Amino acid sequence: MGALKILLDGANRNRTLFVLLAGFALFPIYTGIADLPFWNDLAMRIMILGMAAMGLNLVLGYGGMVSFGHAAFVGVGAYCVGISQYYGLYNGWIHIIMALGACGALGLAIGYLSLRTSGIYFIMITLAFAQMLFFLFVSLEQFGGDDGMSIDRAEFIIIDLWEPLRLYYLIWAALTLSSILLMFIVRSRFGVVLQAIKGNESRVEAMGLAPLPFKITGYVISAMICGLAGALFASWQEYVSPDIMHWTRSGELMIIIILGGLGTLSGPLLGAVVFLLLEEILPELMHVVAPNYAENWMIIFGPILIAVVLFARGGLMGLVQRVTGGRT
Amino acid sequence: MTITLLLEQMFNGLQSGVTLFLIAAGLTLILGIMDFVFLAHGAQVMIGAYAAASLTALTGNFFLGILLAIPITFASGFLLEFLLIRHLYRRDHMDQVLATFGLILFFNELIRIGFGPAALFSDLPKALSGFVNILPEAPYPMFRLVVILVGLACAIGIHVLVSHTRVGAMVRAGANNEAMTAALGINIRLLRRFVFAVGACFAGVAGMMIGPLTAVEPGMGEPLLILSLVVIIIGGIGSVRGAFVAAVLVGMVDTMGRVLLPVILRSFMGQAAADGAGPALASMMVYILMSLILVFRPTGLFSPKG
Amino acid sequence: MKKILTTAIAASLVAAVPALADTVKVGYMTTLSGGAGIIGKQMQNAVNLAMEHTGGKLGGMDAEVVFVDDQRKPDVAKQLANRLVKSDKVDVVAGVIWSNLMMAIHKPVTRSGTLLISSNAGPSPIAGAGCHENFVSMSWQNDQTPEGMGKYMQDAGIKSVYLMAPNYQAGKDMLSGFKRHYKGEVVAEVYTQLGQTDFQAELSTLRAAKPEATFIFQPGGMGINFVKQWNQAGMDSVSKLYTVFTVDGVSLPALKDTAVGVVSTQTWSPDLDNAMNKKFVADYKAKFGGYPSFYAAQAYDTMMAIDYAAGKAGSSDSAAMRDVLAKGGIPTTRGSLAMNSNQFPIQNIYLREAVMDADGVATTKVIGTVFENHGDAYAKDCKF
């Protein structure tokens, strides 16, 4: 099949994802008309989080590798931007290349060392590496330590980021490209082998394929996607700090993927949308329904997540599939 | 660093380890024997601490507080298993992660609503506030000795329970071959509920022990959770003996690392560099330990035996 | 006919109403949910109390206060700041507990022409080279309080001191601030882990070192843990404990009498003798049950400062209010507050001791003044 055919077929199979992408593309028109431009900030946060979650989903959902350290790659991508600006380098394209390169190299190193283990041992080793990176950046006083660094938006030649929507669509473009890339990967021979490894690694070995190179390659690609998300995040937030790579952010990414639907292309983005929307809406709801307990909104949030597990097998995408009769 | 100080620090490491064991024991039972990823284990610690602290304040007596808090903690574990956990055994580990994460949020907020966001007052009982000279010139808080004794008692208790009682045999059988055990007429569901409640109970006792020593506040269990996960991985998931050895090891390494690393570093680095690198390295010590052990023993120190 | 008459009456009534007065809009940002929610809660209480005291107005004009919860996350804070400035179009963004959140929102808010007033955070970059004229601090610069303790211990002739703080930026700032004025012997400088709950090992080492004095910074839950364990290990017979930001209105309810005797330095204390403070503390206790912490006092001061600035400027214009505040002489719970060239306060630093009051509640009492009219060390680097 030609690439275009694959693309159209993929869009058809992953309608939710492409509906969401289209939605994000059109969203600024709505906020412009309704004069609610600050919602664009929420949308950008969702897109960035969704992108990072997609990256992790490649190894977690499709590859069965539970990496607890992927927030570290987001952080490294962000610090590529921060540290470059510290030394006077403001070119956004270079930032992106640096982020991809740094995270690719780091992903290779960490993946090579960690993928010798599996199961819960792999989880803890990736957590250990992420913690080490976190403590490393906390100790770098030159770059603000844990107080972080205030930075500027990167300069993308051709694209002037100070125009209100340029950053928005830059993030959107990165998200869409990542989605399409992942779609091709998942359907390729590489992707099929990766999923087979998740299902039964010894069988793949018996077929004469060495699993480790596949796993490492998947790990590196996922790290690079997270790094890209991190670089764009730094430009949006105009601030970098080690908070981004705290292990709780890795946990958040995992929660989003599981919520959305593990091992589906649309799941991570859908999960990010629902998760962040809940964080926005629940406090407002509590203000109206039970104002004395408004700041305890997480007492509703927790059970919602539990309910999704109990009643929506396969996460939100599972729910979507059941509602649309098997189509995603 | 005198010999006395060194020995005293090893004692501190032991106490730290024993406290970790109390938390890790329940977790290794639940994860190892029932193959259930129970992230909300830290919440059980918190429930135990709050139960003891509030009952002590209510009754005015520390021992009475603990006596009443233990069945409450047991009951909370029992109830939780019945209401929620039993529906999740067959689910994917990742689903268990999501559900128990939601449970953490729920419990923390519940405590915050019930007791307020500020830390509760909790202190040592007067009877146990004294000191014991474990070494000449090294007064050691009596309560911490009690914690060590309680931990050791619990360790022996679990060992006896699992290895030398009928219930323990049933638990081990159920972990090994569920269908066969059920076919023998043993109520697997009740058994699982019991194991879960026992695990919750130990976590609660850990909370009751650390309550007087530390701040009793919402979310107090989460920092301990990660460390106890490291412990059961080093020890071998499912092995209570492994949890004990690993907990003491981790307690020792963590304590001695915090205390000795800056000193060691200072001997070949400048003062400022050592003061900066020391704590950073110390916080990573436990992870480095875990990684090293996994290199040589990929499934932990002990095999699952209970 | 009836319709025309009623319409005419209505129209004339509308015409008779004077043009709506200016509204002062304040966006107040703290952490309300999650672990540190207690601090945000106290600040929210104080802000509400202030609004009660001003009759719901600021500077005599209608006022609107929007509370937002930053959840202690920089990206949430950034999003909220953008919303407050661009959508809610507030005249002032105020509050902010944490230094890292302040670093995240400082540039966007000040650059937009909106006044940014800190009720707590005071990281050194925005006091020095990174300063901006649209920022005013109603709290302090992070180094000031430990500088006070350093000076006190130097003047008191304390020969040796053992230092301890958590291993993060604020911890390092506290100890370097201390050493700026203390020139005696530093026996050891120990950095503990952030979130550490058990200090027994550190206390053992401390006891072996037998320092004359021990100076610590352990905020939040860490402080409760440390002071409790210090007490339980009988360390008072080994060394005298000096603190900053460890024993305060947030930790004392949990410590009760175990903290009695612990000395600290701070820019404020509940027993400061001026009319505004007396009223604030009394009303806060009556309404919320318990002494306010310095976070609450600073939050109260922030609202009172906005009230003062709006009144004097006669408008809700950010630049006008800022100019009033920059001149100083602001009425606060610390007395009349002077402003430094970088728009951080010039204020006294007091020596305080934790005591039990007449009702058996733990609080702090001023036992001396270490610095009078103290300015921070970074003002000279600030050029608007």
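Keep in mind that what you see is a predicted model, and the values were worked out from it rather than measured.

## A look at the overall build of chain B
Part 1 of the argument: Assigned secondary structure in chain B consists of eleven helices and two strands.
Part 2 of the argument: Element order for chain B, N to C, with α for helix and β for strand: α-α-α-α-β-β-α-α-α-α-α-α-α.
Part 3 of the argument: Whereas a compact globule of 306 residues would reach a radius of gyration of roughly 19 Å, chain B reaches 20 Å, a difference of no more than 12%.
Part 4 of the argument: Across its three principal directions, the C-alpha atoms of chain B cover 65 × 50 × 35 Å.

## With respect to the overall build of chain C
Part 1 of the argument: Across its full length, chain C carries twelve helices and 15 strands.
Part 2 of the argument: Here chain C has a C-alpha radius of gyration of 23 Å; the compact-globule value for 384 residues is 21 Å, and the two agree.
Part 3 of the argument: Expressed as lengths along the three principal axes of its C-alpha atoms, the size of chain C is roughly 95 × 50 × 35 Å.
Part 4 of the argument: At a minimum sequence separation of 6, the contacts of chain C that also span at least 24 residues come to 71%.

## As for the sheet that holds strand β2 (residues 57–58) of chain C
Residue and element names in this part refer to chain C.
Part 1 of the argument: The six strands lie next to each other as β2-β3-β1-β4-β5-β6, forming an open sheet whose pairing is mixed. Of all the strands in the sheet, just β2 and β6 (135–137) have a single pairing partner and so form its edges.
Part 2 of the argument: Bridging between strand β1 (residues 23–30) and strand β3 (residues 61–69) involves eight bridges; their strand directions are parallel. The residue bridging M29 from the neighbouring strand is V68, located in β3.

## Overview of the nonpolar core
Part 1 of the argument: Within the largest apolar cluster, 329 residues are counted, with the highest numbers of intra-cluster contacts made by I48 of chain A together with A247 and V250 of chain B.
Part 2 of the argument: Per-element tally for this core: the top contributor is helix α3 (residues 39–62) of chain A, with 15 residues.
Part 3 of the argument: Two domains each donate at least three residues to this core, and these are domain 1 (23–140 + 273–343) and domain 2 (144–266 + 349–374) of chain C.

## Some thoughts on the interface of chain A and chain B
Part 1 of the argument: Facing 26 residues of chain A, the contacting portion of chain B comprises 29 residues.
Part 2 of the argument: Taken together, the elements giving at least two residues each to the side of chain A that touches chain B come down to α6 (119–139), α11 (247–260) and α13 (298–311) of chain A.
Part 3 of the argument: When its residues are assigned to classes, the side of chain A that touches chain B shows 21 nonpolar, five polar and no charged.

## Regarding the interface of chain C and chain A
Part 1 of the argument: In this complex, chain C contributes 23 residues to the contact, which on the side of chain A involves 21 residues.
Part 2 of the argument: Every element with two or more residues in the side of chain C that touches chain A is listed here: α3 (74–87) and α4 (99–111) of chain C.
Part 3 of the argument: Of the residues forming the side of chain C that touches chain A, the biggest block, eight residues, is contributed by α3 of chain C.
Part 4 of the argument: Classifying every residue of the side of chain C that touches chain A gives seven nonpolar, ten polar and six charged.

## Things to note about helix α7 (residues 200–209) of chain C
Residue and element names in this part refer to chain C.
Part 1 of the argument: In terms of burial, α7 is largely enclosed, as eight of its ten residues are buried.
Part 2 of the argument: All buried positions along α7 are accounted for by Q200, A201, E202, L203, S204, T205, L206 and R207.
Part 3 of the argument: Backbone geometry just downstream of α7 places K210 in the positive-phi region, at approximately 45°.

## Thoughts on the domain arrangement of chain C
Residues and elements named next belong to chain C.
Part 1 of the argument: Partitioning chain C into structural domains gives domain 1 (23–140 + 273–343) and domain 2 (144–266 + 349–374).
Part 2 of the argument: Taken over C-alpha atoms, the centre of domain 1 sits 28 Å from the centre of domain 2.
Part 3 of the argument: With 13 residues of domain 1 at the interface, the matching set in domain 2 holds 14 residues.
Part 4 of the argument: For the side of domain 1 that touches domain 2, the secondary structure elements donating two or more residues are α2 (37–53) and α11 (294–313).
Part 5 of the argument: Class assignment of the residues belonging to the side of domain 1 that touches domain 2 gives a composition of nine nonpolar, four polar and no charged.

## A look at the confidence of the model for chain C
Residue and element names in this part refer to chain C.
Part 1 of the argument: When the pLDDT values of chain C are averaged, the result is 90; 95% of them are 70 or greater.
Part 2 of the argument: The least confident element of chain C, judged by mean pLDDT, is helix α1 (residues 2–16) at 46; the most confident is strand β5 (residues 115–118) at 97.
Part 3 of the argument: This complex was scored by the predictor with a pTM of 0.89 and an ipTM of 0.89.

## As for the environment of L17 of chain A
All names here are of chain A.
Part 1 of the argument: Structurally, L17 can be placed in helix α2 (residues 15–33).
Part 2 of the argument: Counting along the chain gives 159 residues from L17 to T176, while the straight-line C-alpha distance between them is 9.5 Å.
Part 3 of the argument: With near-sequence residues (within four places) excluded, L17 lies in contact with S179, L265, S266 and L269.

## As for the pairing of β1 of chain C
Residue and element names in this part refer to chain C.
Part 1 of the argument: Of all eight residues making up β1, six are buried, and the element is well covered by its neighbours.
Part 2 of the argument: Bridge count for β1 against strand β4 (residues 92–95) is four bridges, and the pairing is parallel. The residue bridging Y28 from the neighbouring strand is A94, located in β4.

## Quick notes on the pairing of strand β1 (residues 131–135) of chain B
Residue and element names in this part refer to chain B.
Part 1 of the argument: Both β1 and strand β2 (residues 138–141) contribute to a ladder of four bridges, which runs antiparallel. Bridge pairing links L135 to A138 in β2.
Part 2 of the argument: Hairpin connection, β1 to β2: the antiparallel pair is bridged by two residues, and E137 has positive phi, about 70°.

## Brief notes about the environment of V220 of chain A
Residues and elements named next belong to chain A.
Part 1 of the argument: Considering the arrangement of structural elements, one finds V220 in helix α10 (residues 211–237).
Part 2 of the argument: Measuring from C-alpha to C-alpha, the distance between V220 and L108 comes to 5.6 Å, with 112 residues separating the pair along the chain.
Part 3 of the argument: Setting aside residues up to four positions removed in sequence, V220 forms contacts with G104, G107, L108 and G111.

## Digging into the packing of helix α2 (residues 41–59) of chain B against helix α4 (residues 93–115) of chain B
In a packed pair of helices, the relevant descriptors are the angle between the two axes and the axis-to-axis distance.
All names here are of chain B.
Part 1 of the argument: Put simply, α2 and α4 touch, their axes get as near as 10 Å, and they point 20° apart. Here α2 lies roughly parallel to α4, going by the angle between them. Crossing of α2 against α4: the hand is left-handed. Facing A43, M46 and Y50 of α2, the residues of α4 in contact are L103, I104, F107, I111 and F115.
Part 2 of the argument: For the contact of α2 with α4, a count of residues per class yields eight nonpolar, no polar and no charged.

## As for the environment of Y152 of chain C
Part 1 of the argument: Structurally, Y152 of chain C is set in helix α5 (residues 144–155).
Part 2 of the argument: Not counting residues up to four positions away in its chain, the partners in contact with Y152 of chain C are T265, L351 and V370 of chain C.

## Some remarks on the packing of α11 of chain C against helix α12 (residues 318–327) of chain C
All names here are of chain C.
Part 1 of the argument: It is at 8 Å that the axes of α11 and α12 come closest, and there the two elements cross at 110°. Taken as axis vectors, α11 and α12 run roughly perpendicular relative to one another. Where α11 approaches α12, its residues A305, I306, A309, A310, K312 and A313 are matched on the opposing element by A320, M321, V324 and L325.
Part 2 of the argument: Partitioning the contact of α11 with α12 into residue classes produces nine nonpolar, no polar and one charged.

## A closer look at α10 of chain A
Residue and element names in this part refer to chain A.
Part 1 of the argument: A rise of 1.5 Å per residue sets the reference length of α10, with its 27 residues, at 39 Å; its end C-alpha atoms lie 39 Å apart and thus fit the reference within 8%.
Part 2 of the argument: Burial within α10 is extensive, with 21 of its 27 residues counted as buried.
Part 3 of the argument: Positive backbone phi, at 55°, marks E238, one or two positions downstream of α10.

## Let's talk about unusual backbone geometry
Excluding glycine, residues mostly carry a negative phi; peptide bonds, for their part, are mostly trans.
Part 1 of the argument: With phi around 55°, D35 of chain A is a residue other than glycine that occupies positive phi space.
Part 2 of the argument: Judged by the 8 C-beta atoms lying within 10 Å of it, D35 of chain A falls in the exposed class.

Analysis parameters
Residues numbered from 1 in each chain as written. Chains lettered and ligands numbered in written order. Predicted model: local features only at pLDDT ≥ 70, side-chain atom pairs only at ≥ 80, totals over all residues. Helix = DSSP H or I, 4+ residues; strand = E, 2+ residues; numbered from the N terminus. Rg over C-alpha atoms; globule rule 2.2 N^0.38 Å. Contact = placed C-beta atoms within 7 Å. Pairing = 2+ DSSP bridges. Core = buried A, V, L, I, M, F, W, Y, C linked by C-beta atoms within 7 Å. Buried ≥ 20, exposed ≤ 12 C-beta atoms within 10 Å, placed from the backbone. Domains from an automatic or database assignment. Nonpolar A, V, L, I, M, F, W, Y, C, P; charged D, E, K, R; others polar. pLDDT = per-residue confidence, 0-100. Axes fitted to C-alpha atoms, helices over the stretch in contact; angles between N-to-C directions. Parallel < 35°, antiparallel > 145°, perpendicular 65-115°, else oblique. Left-handed = near helix turned anticlockwise from the far one by under 90°. Expected span 1.5 Å × (residues − 1).

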